[in-house]
Amino acid sequence: MKKKNADLNDRDIYNCGLSRRRFLQAAGAAGVAAWSVMRPRDADAVAALAAMYPDRAADAETSPETIDLSSRSVARNVNKCIGCGNCVRVCADVQKIGVYRLYPDPEPARHGGRQFYSDTKGGFPLAETGCINCGQCTKVCPAEALTERDGLAQARYALRNQDRYAIVWQIAPSVQNMLGESYAAQPGADFSRKIAAAMKQLGGRAFHTDFAADVTIMEEGGELIRRLRGGGVLPMLTSCCPGWVRYAEMHYPDLLAHISTTKSPQQIFGALAKSYYAREYNVPADNVYQISVMPCTAKKYECARAEMRDALNRRQVDLVLTAREFMVLLAERGINLNELAGSDFDRLLREGSGAARIFGASGGVMEASLRAVSILLTGRPLPPEPGTLRTRDGVKEAALVIGGQRYNFAAVNGISNIQAVMTDLRQGHSPYHFIEVMACPHGCIGGGGALHSSVEAPWAAVEVERRQEGLYRSDSLLKNTDCLQNNELKLLYRNFLGRPGGPLAEELLHTRYTDRSGELPPAL
């Protein structure tokens, strides 16, 4: 039976053609007079209205009541803004993007006496600013004026209609060592098996993104070796972080050839779910509904990119929930992870190495790749625990001597650090051969969709440090230390993909990038 999910996620938000005025008129006619004071997750009807009338973004007539759902990742309800300026500071000072500013409120009495409210510079819809979808602003907003774009309505709909959808879950490495914090567990505790049990209780097959991270290493590592040996474009930059990719497409379109063509683990898993999994489990690909649980709001944007659709123009990942949204869904269903005994993930796509688990920390993708590359090029494993890649620095460096040749590597997190590294690259001064890039401070463990930390500056919180320690602790307890030891991965290539970088792998697991410099608004 063909899956009919256009109502869930196939609607292009730019094709609606409604002005903000017409949207508000339609909302009033639909009886949603209290729209501006409702959370997006309060009711399925609210999300359904958002899908029907998405074009209600800020424009030249912007007002403090503006609701902006133009972004795939971040929702703005300016009416809830209290004018604290946290979003302005994190966007400008921490991420060095600067899409927000504070405006004087023309009617403070109408809005609880506030003197200022936050809006985008020039009143542009968020999708038409330089926003990279990182979602750091959602973590510091105390009033829920900024939240992730709601995915819960779609998740509820799919779970209610499992006769129509074959639900396939994936959960990111970092989230497995994060969710225990909601149950008073030590930050960094590994809740993988409990999460697998919870996913099965919700309905569908349970997998983790660790398997796809190992596939990423195979494809990306092979790509690096080909560039090193064949004189390809160097340094090669990683492609796992969609916030970083969007930033590069807008600000460094002349350097896009440096970015690995390998898809992120999320998108690799989605591609395999709609092909390999569908074949092996005898499920029509059109019926597979793939839900990701990520620490990242930008993953919502990534799965909607045109470059991430298959040859039949289908999404490979249907829906992304942040870690916070997943906890809401569990609470709604009365599922307490502490009370679950735990379960194995489902066969075929469940095996993941320790190298895959550390993808969630800045420096982890680099270390994971070097473990495989070292064995492939020298026959020897990478020296254990390369401390320079495990610090909390914004730029971390390492070197590997291969055949008498020294190769230099770096791991960079946070846009402010990325800017300096990319300036050197553009000017021809980069000393590196391979650079891991993550848009959020400290990587996925500090992502915009991660659980909130206990302090106002979540990137500096002790939880982030403990999450990183937890990922490396899980790595040390797994018997397979690198992707080359993953037996399910070997079966994938033997029975389905062929060789890494081969024709089918190229079709399913690699992507392209687009010059988006024209999407930047004029300087304000």
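Reading guide: rules and limits
Residues numbered from 1 in each chain as written. Predicted model: local features only at pLDDT ≥ 70, side-chain atom pairs only at ≥ 80, totals over all residues. Heavy atoms only, no water. Helix = DSSP H or I, 4+ residues; strand = E, 2+ residues; numbered from the N terminus. Buried < 20%, exposed > 50% of the residue type's maximum accessible area, 1.4 Å probe, protein only. Contact = heavy atoms within 4.5 Å. Areas by Shrake-Rupley, 256 points an atom, 1.4 Å probe, with all protein chains shown as cover. Polar contact = N/O pair within 3.5 Å; in protein donor to acceptor, adjacent residues only side chain to side chain. Pairing = 2+ DSSP bridges. Axes fitted to C-alpha atoms, helices over the stretch in contact; angles between N-to-C directions. Core = buried A, V, L, I, M, F, W, Y, C linked by side-chain atoms within 4.5 Å. 1 Å grid on protein atoms, 1.4 Å probe; cavity = no way out; pocket = protein on both sides within 12 Å on 5 of 7 lines; lining within 4 Å. Points joined across faces, edges and corners; volume = space filled by probe spheres on them. Nonpolar A, V, L, I, M, F, W, Y, C, P; charged D, E, K, R; others polar. Expected span 1.5 Å × (residues − 1).

## Quick notes on the overall build of the protein chain
Stage number 1. Tallying secondary structure elements over the protein chain gives 19 helices and 13 strands in all.
Stage number 2. Scored against the burial criterion, the 524 residues of the protein chain give a buried share of 61%.
Stage number 3. Counting contacts in the protein chain only where the partners sit at least 6 residues apart, residues at least 24 apart contribute 76% of the total.
Stage number 4. As displayed, the protein chain offers around 19800 Å² of accessible surface, 52% of which is attributable to carbon and sulfur atoms.

## Topic: the side chain of Arg 371
Stage number 1. For Arg 371, the location among the structural elements is in helix H15 (residues 364-378).
Stage number 2. A polar contact is formed between the side chain of Arg 371 and the side chain of Asp 475, at a distance of 2.8 Å.

## What about the sheet that holds strand S7 (residues 205-208)?
Stage number 1. The 4 strands are arranged S7-S6-S9-S10 in an open sheet whose pairing can be described as parallel. Of all the strands in the sheet, just S7 and strand S10 (319-322) have a single pairing partner and so form its edges. Neighbour to neighbour, the strand axes of the sheet diverge by 25° on average, direction disregarded.
Stage number 2. In this structure, strand S6 (residues 166-171) lies alongside S7, joined through 4 bridges in parallel fashion. Bridge pairing links Gln 170 to Phe 207 in S7.
Stage number 3. Packing against the sheet, helix H13 (residues 323-332) makes contact with S6, strand S9 (288-294) and S10, and its axis sits at approximately 85° to S10.

## Describing the sheet that holds strand S2 (residues 74-77)
Stage number 1. Judged by pairing direction, the sheet is antiparallel, and its 3 strands sit side by side in the order S1-S2-S5 without closing on themselves. Bordering the open sheet on either side are strand S1 (67-68) and strand S5 (146-148), each of which pairs with just one other strand.
Stage number 2. Pairing of S1 with S2, which is carried by 2 bridges, proceeds in the antiparallel orientation. Within S2, the residue paired with Ile 67 across the bridge is Asn 77.

## Re the nonpolar core
Stage number 1. Ranked by size, the top nonpolar core spans 46 residues in total, and within it Tyr 100, Ile 132, Trp 244, Tyr 247, Ile 418, Met 422 and Ile 435 carry the most contacts.
Stage number 2. Contributing elements (two or more residues each) for this core: helix H4 (86-94), strand S3 (100-104), helix H5 (136-140), helix H10 (242-251), strand S12 (405-413), helix H16 (415-426) and strand S13 (434-438).
Stage number 3. Among the nonpolar cores identified, the runner-up in size contains 44 residues, and Ala 158, Ala 197, Ala 323 and Leu 329 belong to it.

## Digging into unusual backbone geometry
Stage number 1. Across the junction of Leu 234 and Pro 235, the peptide omega takes the value -5°, indicating a cis bond.
Stage number 2. Here Pro 235 shows up in the loop between helix H9 (210-230) and strand S8 (236-237).
Stage number 3. In the Ramachandran plot, Lys 96 falls in the positive-phi region, its phi being about 60° despite a non-glycine side chain.
Stage number 4. Looking at the secondary structure, you find Lys 96 in the loop between H4 and S3.
Stage number 5. For Asn 313, which is not a glycine, the phi torsion comes out positive at approximately 65°.
Stage number 6. On the basis of relative accessible area, Asn 313 is assigned to the exposed category, the value being 52%.

## Focus: empty space enclosed by the protein
Stage number 1. The final tally for this structure, using the stated rule, is 6 cavities of 30 Å³ or more.
Stage number 2. Quantified by volume, the largest cavity comes out at close to 300 Å³.
Stage number 3. Around the largest cavity sit 26 residues that line it, and Cys 240, Pro 295, Cys 296, Lys 299 and Cys 444 are the ones nearest its centre.
Stage number 4. Secondary structure elements with two or more residues in the lining of the largest cavity: helix H7 (173-176), H10, helix H11 (265-280) and helix H12 (298-304).
Stage number 5. By volume, the second largest cavity is sized at about 140 Å³.
Stage number 6. Around the second largest cavity sit 17 residues that line it, and Cys 81, Cys 87, Ser 118, Ala 145 and Leu 146 are the ones nearest its centre.
Stage number 7. For the lining of the second largest cavity, the per-class residue count stands at 12 nonpolar, 4 polar and 1 charged.

## Regarding helix H17 (residues 462-477)
Stage number 1. Taking 1.5 Å of rise per residue, the 16 residues of H17 would be expected to cover 22 Å, and the 23 Å separating its terminal C-alpha atoms lies within 8% of that figure.
Stage number 2. Where H17 is concerned, the buried positions are Glu 463, Val 464, Arg 467, Gln 468, Gly 470, Leu 471, Tyr 472, Ser 474 and Asp 475.
Stage number 3. Structurally, H17 contributes buried residues whose contacts are with H7, helix H14 (354-357) and H15.

## A word on the pairing of S6
Stage number 1. Counting buried residues along S6, 5 of its 6 residues qualify, which places the element largely inside the surrounding structure.
Stage number 2. Taken together, the 6 bridges between S6 and S9 define a ladder with parallel strand orientation. Within the sheet, the bridge partner assigned to Trp 169 lies in S9 and is Ile 291.

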